Amino acid sequence: MLDKNYLYTPGPTPVPPQVVAAMGRPMMGHRSEEFAKLHGEIVAKAKLVFQTANDLFVLTTSGTGGMETAIANTVAPGDRVLALVTGNFGERFAKIASAYGGVVTKIETPWGTTFDMDQVIQVFEKEGPFKVVLATHNETSTGVTNDIAALGNYLANTEALLLVDAVSSMGAMDIRTDEWHVDIIVTGSQKALMLPPGLALVSVSPKAWPVIEANHGVRFYFSLLEARKSFEKKNTPWTPAVSLFYGLDAALDMILTEGLTNVFQRHARMTKAARAGARALGLKLLADNSVASHTVTAILPGTEVGASDLSKILQKELGVTFAGGQGQLKGKLLRIGHMGYCSELDVITAMAALEMALHKAGVAVGLGIGVKAAEEALL
Ligand SMILES: *Cc1c(COP(=O)(O)O)cnc(C)c1O
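Cut-offs and rules
- Residues numbered from 1 in each chain as written.
- Predicted model: local features only at pLDDT ≥ 70, side-chain atom pairs only at ≥ 80, totals over all residues.
- Heavy atoms only, no water.
- Pairing = 2+ DSSP bridges.
- Helix = DSSP H or I, 4+ residues; strand = E, 2+ residues; numbered from the N terminus.
- Axes fitted to C-alpha atoms, helices over the stretch in contact; angles between N-to-C directions.
- Contact = heavy atoms within 4.5 Å.
- Domains from an automatic or database assignment.
- Buried area = accessible area lost by both parts, 1.4 Å probe.
- Polar contact = N/O pair within 3.5 Å; in protein donor to acceptor, adjacent residues only side chain to side chain.
- Buried < 20%, exposed > 50% of the residue type's maximum accessible area, 1.4 Å probe, protein only.
- Near = heavy atom within 4 Å.
- Areas by Shrake-Rupley, 256 points an atom, 1.4 Å probe, with all protein chains shown as cover.
- Nonpolar A, V, L, I, M, F, W, Y, C, P; charged D, E, K, R; others polar.

## Here's the deal with the sheet that holds strand 2 (residues 55-60)
With respect to topology, 7 strands assemble into an open sheet ordered 2-10-9-8-5-3-4, the strand pairing being mixed. Across the chains shown, the open sheet's two edge strands, defined by having one partner strand only, are strand 2 and strand 4 (103-108). On average, adjacent strands in this sheet sit at an angle of 20 degrees to one another, irrespective of strand direction. Bridge analysis of strand 8 (residues 161-165) against strand 9 (residues 184-188) gives 3 bridges, and the strand direction is parallel. Bridged to Leu163 within strand 9 is Ile184. Packing of helix 9 (residues 242-258) onto the sheet brings it into contact with strand 2 and strand 10 (199-204), and relative to strand 10 it is tilted by some 65 degrees.

## Focus: the domain arrangement of the chain
Domain annotation of the chain identifies domain 1 (17-257) and domain 2 (259-378). Computed from C-alpha coordinates alone, the two centres of domain 1 and domain 2 are separated by 28 Å. With 30 residues of domain 1 at the contact, the number on the domain 2 side is 23 residues. Roughly 2100 Å² of surface becomes buried between domain 1 and domain 2 when both sides are summed, with 64% attributable to carbon and sulfur atoms. Where domain 1 touches domain 2, the interface holds 9 residue pairs in polar contact (both at pLDDT 80 or more). Among the secondary structure elements, those contributing two or more residues to the side of domain 1 that touches domain 2 are helix 1 (17-23), helix 2 (33-50), helix 4 (88-99), strand 7 (144-145) and helix 9. For the side of domain 1 that touches domain 2, the leading source of residues is helix 9, giving 4 residues.

## Things to note about unusual backbone geometry
The amide bond that connects Gly11 to the next residue, Pro12, takes the cis arrangement and shows omega of -10 degrees. Structurally, Pro12 is set in the loop between strand 1 (6-7) and helix 1. In this structure, Pro129 follows Gly128 across a cis peptide bond, with omega equal to 0 degrees. Position of Pro129 among the secondary structure elements: in the loop between helix 5 (117-127) and strand 5 (132-136). For Gln51, which is not glycine, the phi torsion reads 50 degrees and is therefore positive. Counting through the fold element by element, Gln51 comes out in the loop between helix 2 and strand 2. Looking at Gln51, the relative accessible area reads 26%, which means it is partly exposed.

## Looking at the site of the ligand
Residues in contact with the ligand amount to 13 residues; listed here are only the nearest, Ser62, Thr64, Thr140, Asp165 and Lys191. Within the side chain of Ser62, one N or O atom sits 2.6 Å away from an oxygen atom of the ligand. Separating an oxygen atom of the ligand from a backbone N or O atom of Gly63 is a distance of 2.8 Å. Burial of the ligand by the protein chains amounts to 89% of its free accessible area of 380 Å². Those elements that place two or more of their residues in the shell around the ligand are helix 3 (63-72) and helix 4. Ranked by the residues each element gives to the shell around the ligand, the list is headed by helix 3, at 3 residues. Of the residues in the shell around the ligand, the class split is 3 nonpolar, 7 polar and 3 charged.

## A look at the sheet that holds strand 14 (residues 334-337)
With antiparallel pairing, the 3 strands of this open sheet are ordered in space as 11-12-14. Only two strands of the sheet have a single neighbouring strand rather than two, namely strand 11 (284-285) and strand 14. Summarising the sheet, strand 12 (residues 296-300) and strand 14 pair through 4 bridges and their orientation is antiparallel. Directly across from Val296, in strand 14, lies its bridge partner Gly337.

Listed below in C-alpha cells is the structure:
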C-alpha cells in the first residue's frame, strides 16, 4: 500500500507544510535577541487566539504538562478542589489535583453529556468553598463541549479560581477567555494548533496571580512565577523547544490570516458533515447535537461490528487512522478528529473510509450514503 496515511486522531493532528518548513529553520540561541523578538510576537498572536489580555506562557511540555502547571501553581496539600468530570480528560485533571495533595470533590456526569450548571451551583453552595474549580472545555474522549461561559460567570463572584483544559479546542472553537472569566486556561500544540506535540500554552488572570504567589506547594519546572520573571525579558526559564516555537509562529499566522471567525465556522461545518454522514449510515452518535464538539465526533458503531474491528480495517486496508474509545468507552467508540489542518473535504474522505470499512466488515451499508449526507450538510 502507498505510504500515505489519513490521520484523524484528535491529537496529534496533521501538520501543514508551511509549519513543517518553518520548523526546519536553523537553530538559534534561546538567550538571543532574535529569540526574544520571536517569543514576544508568538505570545501577542496567541493572546488573540485565546481572546485574552491576560499573561500567556508557552511551555515546553505536552498538554498534560500544561494542566499540571495550572494545578502545581494553585493547589497545595489540603486545598479544596471541585472537579467537573465529563470524561477521561476531566478525570485526568482531578487526578493531577489529587497528586498535588488537593482534597478533590468530583461532580461526575455520564460520559457523552456535559456538566449541569444547576448541580454545580448546588454542590458549590452546599459543600464549598473551593479554592479551585477544574473543568474541561472540550472533552476529547466523548466529543462534548461544556459551557464554560456559564461556569465562569458564576465563579467570577466567588473566591474560587476557574482552571480550564482547552487542549482540544483552542484554535478551533470560540473561546472567550476573558469574557468567560477563565483564570487559567490550557492548550497543547498537537491539536487545533497544527503543530507536533511538545508545547503547552497557558494563560493566567490577574485574579490567579495572588493565589499563585501565596501557594506553598512544590513546583519547579512548572513554576509560573519563574515563567513570569523570565518573560520580562521575553525569555524562558529553561531551554524552550525552539523549533516548535518557529512552527507555532507560522501556525498562529495561518489561523489569524484565515480569521478566527472563519476558523470557528470551518470547524462547526466539519462537525455538521461528520454527524450527518454517520447518522445516514445508521450509526449512533455519543453526544447530542446541542453539546457536540466541533473538533471530534464520537461514533458508537453498535453491536453488529465492533469499533476495534472497524479501526483495524480502516488502518490496515485503507491507511486511515481514527481514534478509539478511552477509559470506560475503550473498544466501544470510534472518534474522528477534525481539527486544525483539516478541511470539509477531509471529512468527506473520512465518511468514504467509514462506509468502505463497514462494507468490508460485512455490514449491509449503502455505499455513498454517508458521503452524500455529509456533502448535503456542507452545500
Ligand atoms: C490531548 C488532550 C490532553 C492531553 O494532552 P497531552 O499532550 O497528551 O499531554 C488533555 N486534555 C484534552 C482535552 C486533550 O484532548
